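If you want the building blocks of each chain, they are given just below.
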Amino acid sequence: MDLYSYSRFINPLVKRYARLNIEGKENLPEPGKSFLIACNHSGGMWWDALCLVTSMPERQLHFIAHHWDGTIKPMRVMLESVGSYFLAPTLDEINENDPVVVGLKQGKAMCQFPEESYHTFRNRYTLYQFSGQVIKYSHLANTPIIPTAVIGAEEAAPTFWGPKIKGIPWHIPMHPPIYLPLPITIEFGEPCTLADLAPKASSIPSNVDYQVAARQLREKVRGLLIKYRNCKIKDIPYNDQQGWW
């Protein structure tokens with residue numbers, strides 16, 4: 001049973017518990033056409049992911065998990081069982097045969113969190129550096145990116161304190177998982193492409209072009225977030241952080 005099958009049972013619960021408010025759904029392509037959601041990674045314990053799945057019950061949403069997750073067999077098996085893909089570690093490793101590119105060309109709907117890690121409550125509503133992989137996936141598959149903001153999950157599913165190890169895309173919470181019945185808003189922005197985000201990119205884009213586009217994509221996500229919360233920018237990769245929070 002994949003995540004789409006499970007969603008029939010979890011969607012009503014998540015929608016009611018999170019009092020889910022969805023804005024901009026008209027920006028999603030019609031069923032049967034692929035798209036790639038690029039979203040801030042908010043809250044812990046995948047609460048933002050469950051809310052995103054609930055926001056589009058008519059589509060199966062495939063998540064692109066961090067490549068580190070695929071190195072741990074139980075986690076990889078669990079993620080594959082719900083239809084997840086895995087992020088390429090570097091831009092140079094993405095090509096036309098990448099499973100994500102192939103899946104998008106087949107018309108699948110996917111979601112990547114370009115910050116590659118969720119934050120602790122102390123760093124809530126801070127957008128760190130976006131990775132360029134999301135842009136390259138979209139460009140090679142000729143698929144639009146949907147800038148997306150999840151608001152409220154960082155309060156509803158907070159990680160208050162725990163260690164963050166450099167290169168590992170999650171915190172180890174030193175407290176039980178928390179799901180509070182606080183309202184969640186999801187706003188889908190207007191579709192965009194590499195050409196929209198980096199008009200000066202060459203016909204054969206370089207890694208620099210993809211990174212330039214990723215910075216502009218982050219600004220689009222920030223523009224959605226600041227309608228609801230103050231939002232800070234930090235030009236460093238969050239996965240490079242380590243310490244206790």
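Located above this text is the structure these notes cover.
The text that follows walks through the structure, step by step, so that each part is easy to find.

Conventions we followed
- Residues numbered from 1 in each chain as written.
- Predicted model: local features only at pLDDT ≥ 70, side-chain atom pairs only at ≥ 80, totals over all residues.
- Heavy atoms only, no water.
- Phe/Tyr/Trp six-rings, centres within 6.5 Å; stacked < 30°, edge-to-face > 60°.
- Helix = DSSP H or I, 4+ residues; strand = E, 2+ residues; numbered from the N terminus.
- Lys NZ or Arg CZ within 6 Å of the ring centre and 35° of its normal.
- 1 Å grid on protein atoms, 1.4 Å probe; cavity = no way out; pocket = protein on both sides within 12 Å on 5 of 7 lines; lining within 4 Å.
- Points joined across faces, edges and corners; volume = space filled by probe spheres on them.
- Nonpolar A, V, L, I, M, F, W, Y, C, P; charged D, E, K, R; others polar.
- Patch = residues over 30% accessible without salt bridge, like charges linked within 9 Å, V, L, I, M, F, W, Y side chains within 5 Å.
- Areas by Shrake-Rupley, 256 points an atom, 1.4 Å probe, with all protein chains shown as cover.
- Salt bridge = Lys/Arg side-chain N within 4 Å of Asp/Glu carboxyl O.
- Lys, Arg positive; Asp, Glu negative; His and termini not counted.
- Charge placed at Lys NZ, Arg CZ, Asp CG, Glu CD.
- Buried < 20%, exposed > 50% of the residue type's maximum accessible area, 1.4 Å probe, protein only.

## Considerations on the packing of aromatic side chains
Applying the stated rule across the entire model yields 7 aromatic pairs. Measuring from ring centre to ring centre gives 5.1 Å for tryptophan 161 and tryptophan 244, while their planes differ by 35 degrees; the resulting arrangement is tilted. With tryptophan 161 in the loop between helix H6 (153-156) and strand E8 (163-164) and tryptophan 244 in strand E11 (residues 243-244), this residue pair connects regions lying 83 residues apart in the sequence. Every member of this aromatic cluster is reached through a ring pair, and the members are Tyr17, Trp47 and Tyr179. Above the plane of the ring of phenylalanine 86 lies arginine 76, whose end atom (NZ or CZ) is 4.4 Å from the centre. The residue whose ring lies beneath arginine 124 is phenylalanine 121, and the NZ or CZ to ring-centre distance is 4.0 Å.

## A word on the layout of surface pockets
Its boundaries defined by the atoms lining it, the largest pocket holds a volume of some 680 Å³. For the largest pocket, the lining is made up of 28 residues, of which His41, Trp46, Ala49, Asp69 and Leu79 are closest to its centre. Elements supplying a minimum of two residues to the lining of the largest pocket: helix H2 (47-55), strand E3 (61-65) and helix H3 (73-81). Tallied by class, the residues present in the lining of the largest pocket amount to 19 nonpolar, 7 polar and 2 charged. Its volume calculated, the second largest pocket comes out at about 170 Å³. Around the second largest pocket sit 14 residues that line it, and Pro114, Glu116, Gln129, Ser131 and Pro237 are the ones nearest its centre. Of the residues that constitute the lining of the second largest pocket, the class distribution is 4 nonpolar, 7 polar and 3 charged.

## So, a positive patch on the surface
Residues Arg122, Arg124, Lys232 and Lys234 make up a contiguous surface patch of positive charge. Turning to its location among the elements, arginine 124 is positioned in the loop between strand E5 (109-112) and strand E6 (126-127). Assessed through its relative accessible area of 32%, arginine 124 is described here as partly exposed.

Keep in mind these values describe shape, not function.
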